[in-house]
Each structure stands twice: as C-alpha cells, then as structure tokens.
Amino acid sequence: MMVPYLKGLSHEECWVLLLDKRVRVFSRERVGQGSPDEVPMDPRSIVQLALSRGARSLILVHNHPAGNPEPSHADISRTASLARAASAVDLRLLDHIIISDDSFYSFSDEKLYPALS
C-alpha cells in the first residue's frame, strides 16, 4: 500500500495509517519529511491526528532511502515513545514498517515490542 509513495525517494518520509474499529485503513497521512537519513516523528502530533480523525489504531510507516530497512536506535526509541503515547489515550500502535527499495522491516513481525505483537 505504501511502496508507491516511498520507493525511490532520496529523503525519508514518515506516514501514519489510521485504522477504524474493524482494523481497516481509512486514512493515510504524511506526518514528516526529512533528510536522506532522518525524518522527524513527533508522537504527540501523531496521536493528536489519530484522535482527531477517530482512529482506534495506527500503523507507522517510513522509508530508508539508503536501502537497509533495519531500524536505527532512533527508530526503535521513537517507536517505543509512540507506542506509550498511543496506549495512554487508548489507541494501539499495531506496527512500524520501514520500507527500502527492495525490502521492508516490520516491528510487529520481528516482535521487537510486546505492545506491537
């Protein structure tokens, strides 16, 4: 779903997929645009956006233009912060997916956080 938006970019972008109570995506929003190796992700802004749209859960998606989809320490830390912020207001962060041109990394698939599995 997000590969057409993120593949081939020379900079990182961060998007959030908003899901309804039936866990269906009803909105796709870009929440950050950055440099070739970093993108801002503000958990408070993302949670406010999700609440304002009536989301019940969300999926964070961003790209790594350099080609390695493995999460950085910053990616891991920001994901944990977003999961805590979402949980505090009864939202659920279902996954954080990092897309590169040839592959992807899913925090949920890799069971990086119990809150995401």
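Quick summary incoming for the structure in this document.

Calculation criteria
Residues numbered from 1 in each chain as written. Predicted model: local features only at pLDDT ≥ 70, side-chain atom pairs only at ≥ 80, totals over all residues. Heavy atoms only, no water. Pairing = 2+ DSSP bridges. Helix = DSSP H or I, 4+ residues; strand = E, 2+ residues; numbered from the N terminus. Axes fitted to C-alpha atoms, helices over the stretch in contact; angles between N-to-C directions. Contact = heavy atoms within 4.5 Å. Salt bridge = Lys/Arg side-chain N within 4 Å of Asp/Glu carboxyl O. Buried < 20%, exposed > 50% of the residue type's maximum accessible area, 1.4 Å probe, protein only. Right-handed = clockwise from strand over helix to strand, strands pointing away.

Observations concerning the sheet that holds strand E3 (residues 57–63)
Spatially, the five strands line up as an open sheet ordered E2-E1-E3-E4-E5, and their pairing is mixed. Either end of the sheet is taken by a strand with one partner, and the two such strands are strand E2 (25–33) and strand E5 (104–106). Each strand of the sheet is rotated relative to its neighbour by a mean of 20°, with strand direction disregarded. Alignment of strand E1 (residues 13–19) against E2, held across seven bridges, turns out to be antiparallel. Across the sheet, residue Leu19 finds its bridge partner in E2, namely Val25. Relative to strand E4 (residues 92–99), helix H3 (residues 73–88) is tilted by about 160°, and along the sheet it contacts E3 and E4.

Details of the pattern of salt bridges
The full count for this structure, using the stated rule, is four salt bridges. Arg24 is the partner of Asp20 in a salt bridge, and the nearest nitrogen-oxygen pair spans 3.4 Å. By relative accessible area, which is 46% here, Arg24 ends up partly exposed. For Arg53, the salt bridge is made with Glu29, and the minimal N-O distance between the two is 3.6 Å. With Arg53 in the loop between helix H2 (43–52) and E3 and Glu29 in strand E2, this residue pair connects regions lying 24 residues apart in the sequence. On the basis of relative accessibility, which here comes to 40%, the residue Arg53 falls in the partly exposed class.

A word on the pairing of E1
Most of E1 sits inside the fold, with seven of its seven residues counted as buried. Of the two faces of E1, the one holding Glu13, Trp15, Leu17 and Leu19 and the one holding Cys14, Val16 and Leu18 are both buried throughout. Between the end of E1 and the start of E2, which pair antiparallel, lie five residues, with Val23 showing a positive phi angle near 60°. As defined by bridge partners, E1 adjoins E3 across six bridges and the pair is classed as antiparallel.

Here's the deal with the pairing of E4
Where E3 meets E4, seven bridges bridge the pair, whose relative direction is parallel. Its bridge partner lying in E4, Leu58 is registered against Leu93. For the handedness criterion, the β-α-β arrangement of E3, H3 and E4 is classed as right-handed. Looking at chain direction, E4 and E5 are connected through three bridges and run antiparallel. Pairing of Ile98 across the sheet is with Tyr105, part of E5. In textbook terms, the turn of a hairpin is the stretch between consecutive antiparallel strands, and for E4 and E5 this stretch comprises four residues.

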